Amino acid sequence: MPLLYVPTIYVLMLSVMVLLGALTFFAWLQNRAVRALAWWSGAVRVMAAALGLLCLRGTIPDVYSVDIAYVVLFSACALMLEDARCFEGKRPSPAVLLAGALAWIAACQIPPLYDSATARMIMVSAAVGSYSIGCAYVLWRGRAEPLLSRWPLIVLTALGGGLFLVRIPLALASPLAEAPITSFDALRSFWFAIVSTFTLLYFIAINYLFLALTKERSELAHKRASMTDALTGLANRRAFMEFAEQRLSAPASGTVAFLLFDLDYFKAINDSHGHSMGDRVLRLFAHTLSANLPRDSIAGRLGGEEFAAIVSGPDQQATIAAAERVRGSFAAAARIVDGVPIAATVSIGLAHAHDRPADIEALCERADKALYQAKALGRNRIESAVDELVPLVPDASVEADVMPAELPIPLSQQAQRAMKRAAA
């Protein structure tokens, strides 16, 4: 009898799979929002059922230990693939769930295939290998999500699938000796023992990695939630200051600007139209801010109606032009909100840093002074902390009953040149 006796290994695999299924099910009970854990728990338990039937080969009728056993095995592999799809946010696919089992049932109706140990091995290898490669591919497509456990899981599932597929040409080159399928003689080969041992270790490893993967995603979601403003979806104050400090401390060429935004007469909006309308205006401004700043900008909500951004640009005029896009776009978008005349506007203060590393506290203080000046000079405008101040013309339609009237302020020649350069 070989040292690696396959029936014994099957019993060991069955025990391990039952334990893994129970642990995964317990993990799902702790966090039922993670549906992928439910899929994985089901897949592991179905796999345990398949191994249980395979362990009884020779002691129960072949229809159970062979025909049904492999139907259950392929269903377990399909559930694992569906688990990967569920983890990536995809809906269950009946074709994925049924393809392997139906193919095996069809093959069992063909006597030459059913009676051939080599043919059975090829079919099993093809099905298990394809499902494993499919899992690796689905996980690889979601690689943009920064989860460290994803990569060893991709490698392991791809490797496992590849090894099962390699069995196909090996089986064709060296066919298995035919033996009654009710006997373990065909299973007592060293090759089957090696494959069974690898399969045991394989399932232990991928089960651990999948649990680690779901834990990483939960931790990442909690981290993002702790750094995100729930109302607007922008970075909250703590996260914004951390991101801004990282950006400003990194040596780089070009100018960088610290922008402070304050919605004008926001308290009047809440008092006149209610806080729900105020929340809609805040979300509208956050959307306008994200849509009009350069792609590599960092934006966040500091609290209340105050927002901030770090904008990098080739020169100072480009930053002023980006701020003007935000101001003008918001004035146009907030003129009427959900059918209600709001005419909300924003005042903006800028502070530029031409050399880095830059002191974020000093930039913030300078931008705050510029914002105070924009408020003092009539609101709905941009002011810079540097020598050149850029007054802008408020939108004439902004003047409404809910806002104090403001007089148009002509653009300076320097501001006109900046806007022309940005447009060019």
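Residues numbered from 1 in each chain as written. Predicted model: local features only at pLDDT ≥ 70, side-chain atom pairs only at ≥ 80, totals over all residues. Heavy atoms only, no water.

Caption draft 1: Quick look at unusual backbone geometry. A positive phi angle is found at Tyr265, which is not glycine, with a value near 50°. Judged by its relative accessible area of 25%, Tyr265 is partly exposed. (Buried < 20%, exposed > 50% of the residue type's maximum accessible area, 1.4 Å probe, protein only.)

Caption draft 2: Structural context of the packing of helix α4 (residues 94-108) against helix α6 (residues 117-141). At a closest axis distance of 11 Å, the pairing of α4 and α6 adopts a crossing angle of 175°. Relative to α6, the element α4 is oriented roughly antiparallel. Every residue of α6 that contacts α4 at Val96, Ala99, Gly100, Trp104 and Ala107 is listed here: Arg120, Met123 and Tyr131. (Axes fitted to C-alpha atoms, helices over the stretch in contact; angles between N-to-C directions. Helix = DSSP H or I, 4+ residues; strand = E, 2+ residues; numbered from the N terminus. Parallel < 35°, antiparallel > 145°, perpendicular 65-115°, else oblique. Contact = heavy atoms within 4.5 Å.)

Caption draft 3: The pairing of strand β1 (residues 255-263), seen in detail. Across the nine residues that make up β1, a large majority, nine, are buried. Examined bridge by bridge, β1 and strand β3 (residues 306-313) share eight bridges and lie antiparallel to one another. What sits directly across from Phe258, in β3, is Ile310. (Pairing = 2+ DSSP bridges.)

Caption draft 4: Highlighting the nonpolar core. Membership of the largest hydrophobic core comes to 60 residues, with the highest contact counts inside it found for Met17, Met47, Tyr70, Leu73 and Phe74. Elements with a contribution of two residues or more to this core: α1 (6-30), α2 (35-55), α3 (62-87), α4, α6, α7 (150-173) and α8 (190-226). The greatest single-element share of this core, amounting to 15 residues, is contributed by α3. Contacts of Tyr70, omitting those with residues within four sequence positions, involve Leu54, Arg57, Trp104 and Val124. In terms of nonpolar packing, the next biggest core, distinct from the first, is built from 30 residues, Leu293, Ala299, Phe330 and Leu350 among them. (Core = buried A, V, L, I, M, F, W, Y, C linked by side-chain atoms within 4.5 Å.)

Caption draft 5: A look at a nonpolar patch on the surface. A surface patch of nonpolar side chains, amounting to about 270 Å² of accessible area, comprises Phe25, Phe26 and Leu29. Within the secondary structure, Leu29 is located in helix α1. (Patch = residues over 30% accessible without salt bridge, like charges linked within 9 Å, V, L, I, M, F, W, Y side chains within 5 Å. Areas by Shrake-Rupley, 256 points an atom, 1.4 Å probe, with all protein chains shown as cover. Salt bridge = Lys/Arg side-chain N within 4 Å of Asp/Glu carboxyl O.)

Caption draft 6: Representation of the pattern of salt bridges within the structure. Taken as a whole and assessed by the stated rule, the structure comprises 13 salt bridges. A salt bridge links Glu242 to Arg238; the nearest nitrogen and oxygen atoms lie 3.3 Å apart. Here Glu242 pairs with Arg238, and both are found in helix α9 (residues 237-249), just four residues apart, close to one helical turn. Judged by its relative accessible area of 32%, Glu242 falls in the partly exposed class. With a closest N to O distance of 2.8 Å, Glu383 and Arg381 form a salt bridge. On the accessibility criterion, Glu383 (1% relative accessible area) is buried. You can call Arg381 buried: its relative accessible area is 3%. If you follow the salt bridges from partner to partner, you end up with Glu88, Glu145, Arg150 and Arg217 in one network.

Caption draft 7: Structural context of the packing of aromatic side chains. In total, this model carries twelve aromatic pairs according to the counting rule given. Note on Phe285 and Phe330: the rings are 5.1 Å apart at their centroids and 85° apart in plane angle, and the pair reads as edge-to-face. Of the two residues, Phe285 is situated in helix α11 (residues 275-292) and Phe330 in helix α12 (residues 316-333); the sequence distance between them amounts to 45 residues. What makes Phe285 buried here is its relative accessible area of 0%. (Phe/Tyr/Trp six-rings, centres within 6.5 Å; stacked < 30°, edge-to-face > 60°.)

Caption draft 8: Local environment of the environment of Ala117. Mapped onto the secondary structure, Ala117 falls in helix α6. A relative accessible area of 7% means that Ala117 is categorised as buried. Separated by 54 residues in sequence, Ala117 and Ala171 place their C-alpha atoms 9.6 Å apart.

Caption draft 9: Fine view of the packing of helix α10 (residues 266-273) against α11. Two elements in contact, α10 and α11, have axes whose closest approach is 7 Å; the angle formed by their N-to-C orientations is 140°. Relative to α11, the element α10 lies oblique. Here α10 contributes Phe266, Ile269, Asn270 and His273 to the contact with α11, which in turn contributes His275, Met277, Gly278, Val281 and Leu282. Of the residues belonging to the contact of α10 with α11, the class tally is five nonpolar, four polar and no charged. (Nonpolar A, V, L, I, M, F, W, Y, C, P; charged D, E, K, R; others polar.)

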